[in-house]
Amino acid sequence: MTRRSTMTALALGTALLAAACGGGGGAAEESASPSPESSASRSPGGAGSPGGSGASTPAPPASPTSEESGTPSAGGGGAVADAPRDASRKAGEGRGADVTELAALTEVRVGVHDTYDRVVLDFEGGAPAYTAEYVEALHQDGSGQVVPVEGEHRIMIVLDRARPEHPDREFDPGPRATTTSTVRGLELVSYFEGSTRFGIGVDTRRGDGRPGFRVTAGEDKLIVDIAHEAAGRTG
């Protein structure tokens with residue numbers, strides 16, 4: 001074979017190799033961007049999956065967690081559904097109250113959750129500053145008279161710069177107030193010199209002693225969560 005024949009053969013071989021590779025840079029592009037067929041084979045429900053139709057199936061939207069939805073999970077698990085365990089005195093500044101006006105207590109509501117019951121005190125004019133603690137008896141402010149309430153234990157909530165909506169009529173926690181096996185009684189104890197006292201009678205479903213509770217202030221309400229079992233009880 002002559003030198004010219006050898007050069008011609010090499011040039012022809014190079015051209016055939018380039019055509020087989022699909023042109024300059026084609027191999028590098030394939031390795032960086034997988035083909036649609038390879039993507040579908042790795043997607044649930046795509047080609048290559050049992051029963052796949054050849055199209056990628058988008059995952060369903062995630063359901064909100066119990067913390068996001070604010071709904072206690074079944075059995076009381078999760079941060080939102082955890083029952084309060086602390087039975088000590090609570091105090092807070094309240095929210096949204098006008099310093100020049102008395103907030104008006106308009107209604108009291110009760111709700112049942114998996115591991116605790118909830119008492120909601122609704123106000124007009126913002127939620128006032130408060131203290132809440134267990135007491136041996138509910139005493140009226142000023143006279144000191146004892147106000148009886150159903151339940152083995154008693155939580156007294158003192159509302160600073162707050163009044164009942166109708167101070168001239170007999171104290172009444174509201175027509176929609178109800179009780180449960182944990183929340184046994186609701187009493188508007190007294191209104192005296194800008195301070196309102198409200199009492200919650202409590203029974204413990206499980207264990208001996210006072211159940212834990214917590215107080216949360218909203219813009220126009222105070223929320224009192226009371227556990228179904230005694231504070232610190234385990235098992």
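Below or above, wherever it landed, is the structure these notes cover. On a predicted model such as this, the values are computed, not experimentally measured, just so you know.

Side note on the overall build of the protein
Here is step 1 of the chain: A count of helices and strands for the protein gives four helices and twelve strands.
Here is step 2 of the chain: Put simply, the protein has 235 residues, and 33% of those count as buried.
Here is step 3 of the chain: Taking the contacts inside the protein whose residues are at least 6 apart along the sequence as the reference set, 65% of them involve residues at least 24 apart.
Here is step 4 of the chain: Taken as a whole, the protein presents about 13,800 Å² of accessible surface, with 51% of it coming from carbon and sulfur.

With respect to the packing of aromatic side chains
Here is step 1 of the chain: Inspection of the entire model under this criterion finds one aromatic pair.
Here is step 2 of the chain: Lying across the ring of Phe 213, Lys 90 places its NZ or CZ 3.8 Å from the centre.
Here is step 3 of the chain: For the cation-ring pair, Arg 214 lies above Tyr 116, with the distance from its terminal atom to the ring centre recorded as 5.1 Å.

Things to note about the nonpolar core
Here is step 1 of the chain: Counting residues in each nonpolar core, the largest one holds 27 residues, and the members touching the most others are Val 119, Leu 121, Ile 200 and Ile 226.
Here is step 2 of the chain: Looking at this core, the elements that each hand over two or more residues are strand E2 (103-112), strand E3 (116-124), strand E4 (130-135), strand E7 (153-160), strand E9 (183-192), strand E10 (195-202), strand E11 (211-217) and strand E12 (221-230).
Here is step 3 of the chain: Ranked by the residues each element gives to this core, the list is headed by E2, at four residues.
Here is step 4 of the chain: For Ile 200, the residues in contact, after removing those within four places along its chain, are Val 119, His 153, Arg 154, Ile 155, Ile 157, Val 183, Gly 185, Leu 186, Val 224 and Ile 226.
Here is step 5 of the chain: If you look at the next biggest cluster of nonpolar residues, it comprises six residues, including Val 135, Val 147, Val 149 and Met 156.

Let's talk about the pattern of salt bridges
Here is step 1 of the chain: Going through the model one piece at a time under the given rule, you end up with 14 salt bridges.
Here is step 2 of the chain: For Arg 176, the salt bridge identified is with Glu 107, shortest N-O distance 3.5 Å. Of this pair, Arg 176 sits in the loop between strand E8 (162-164) and E9 while Glu 107 sits in strand E2; the two residues are 69 residues apart in sequence, bridging distant segments of the chain.
Here is step 3 of the chain: The exposed category is assigned to Arg 176, whose relative accessible area is 56%.
Here is step 4 of the chain: Looking at Glu 107, the relative accessible area reads 18%, which means it is buried.
Here is step 5 of the chain: Here Asp 141 and Arg 197 are joined by a salt bridge, their closest N and O atoms 3.9 Å apart. With Asp 141 in the loop between strand E5 (138-139) and strand E6 (146-147) and Arg 197 in strand E10, this pair connects stretches of sequence that are 56 residues apart.
Here is step 6 of the chain: Taking relative accessible area as the criterion, Asp 141 reaches 25% and is therefore assigned partly exposed.
Here is step 7 of the chain: Through salt bridges with shared partners, one network takes in Arg 85, Arg 206 and Glu 229.

Looking at unusual backbone geometry
Here is step 1 of the chain: In this structure, Arg 161 takes a positive phi of about 55° despite not being glycine.
Here is step 2 of the chain: For Arg 161, the position within the fold is in the loop between E7 and E8.
Here is step 3 of the chain: Residue classification places Arg 161 among the partly exposed positions, given a relative accessible area of 37%.

Regarding the sheet that holds E11
Here is step 1 of the chain: Pairing in this open sheet of five strands is mixed, and the strands run E8-E2-E3-E12-E11 from one edge to the other. Since the sheet does not close on itself, it has two edges, and those belong to E8 and E11, each with one partner. Averaged over all neighbouring strand pairs, the angle between strand axes comes to 30°, with direction disregarded.
Here is step 2 of the chain: Sheet analysis places E2 next to E8, joined by three bridges and oriented parallel. Among the inter-strand pairings, Ala 103 is bridged to a residue of E8, identified as Ala 162.

Remarks on the sheet that holds E10
Here is step 1 of the chain: Spatial ordering of the open sheet is given by E1-E4-E7-E10-E9, a layout of five strands whose pairing is antiparallel. With partners counted over all chains shown, the strands left at the sheet margins are strand E1 (90-92) and E9, one partner each. With direction set aside, neighbouring strand axes in the sheet form an average angle of 15°.
Here is step 2 of the chain: Here three bridges tie E1 to E4, and the two strands are oriented antiparallel to one another. Residue pairing in the sheet places Gly 92 in a bridge with Tyr 130 of E4.

Rules behind the numbers
Residue positions within a chain follow its written sequence, with the count starting from 1. In view of the model being predicted, local features appear only for residues whose pLDDT reaches at least 70, and side-chain atom pairs are presented and counted only at 80 or more, with totals across whole chains, interfaces and linings using the full set of residues. The side-chain figures draw on all heavy atoms in the structure; neither hydrogens nor water molecules are used. Each helix is a run of DSSP H or I of at least 4 residues and each strand a run of E of at least 2, with the numbering of both proceeding from the N terminus. The buried label goes to any residue with under 20% of its type's maximum accessible area, the exposed label to any with over 50%, and the partly exposed label to all in between, with areas taken from a 1.4 Å probe on protein chains only. Contacts are assigned to residue pairs with any non-hydrogen atoms lying within 4.5 Å of each other. Each accessible area is a Shrake-Rupley result for a 1.4 Å probe, and residues are judged covered by the shown protein chains and nothing else. Centres within 6.5 Å make a pair out of two Phe, Tyr or Trp rings, where for Trp the six-membered ring is used; the pair is then stacked when the planes are under 30 degrees apart, edge-to-face when over 60, and tilted otherwise. The criterion is that NZ of a Lys, or CZ of an Arg, lies within 6 Å of the ring centre and within 35 degrees of the ring normal, and then a charge sits over that ring. Nonpolar core, defined: a set of buried Ala, Val, Leu, Ile, Met, Phe, Trp, Tyr and Cys residues in which side-chain atoms within 4.5 Å join the residues together. Counted as salt bridges are all cases of a side-chain nitrogen of Lys or Arg within 4 Å of a carboxyl oxygen of Asp or Glu. Think of it this way: DSSP has to see at least two bridges between two strands before they count as a pair. Helix axes are fitted only over the stretch in contact, all axes being lines through C-alpha atoms; the angle between N-to-C directions runs from 0 to 180 degrees.

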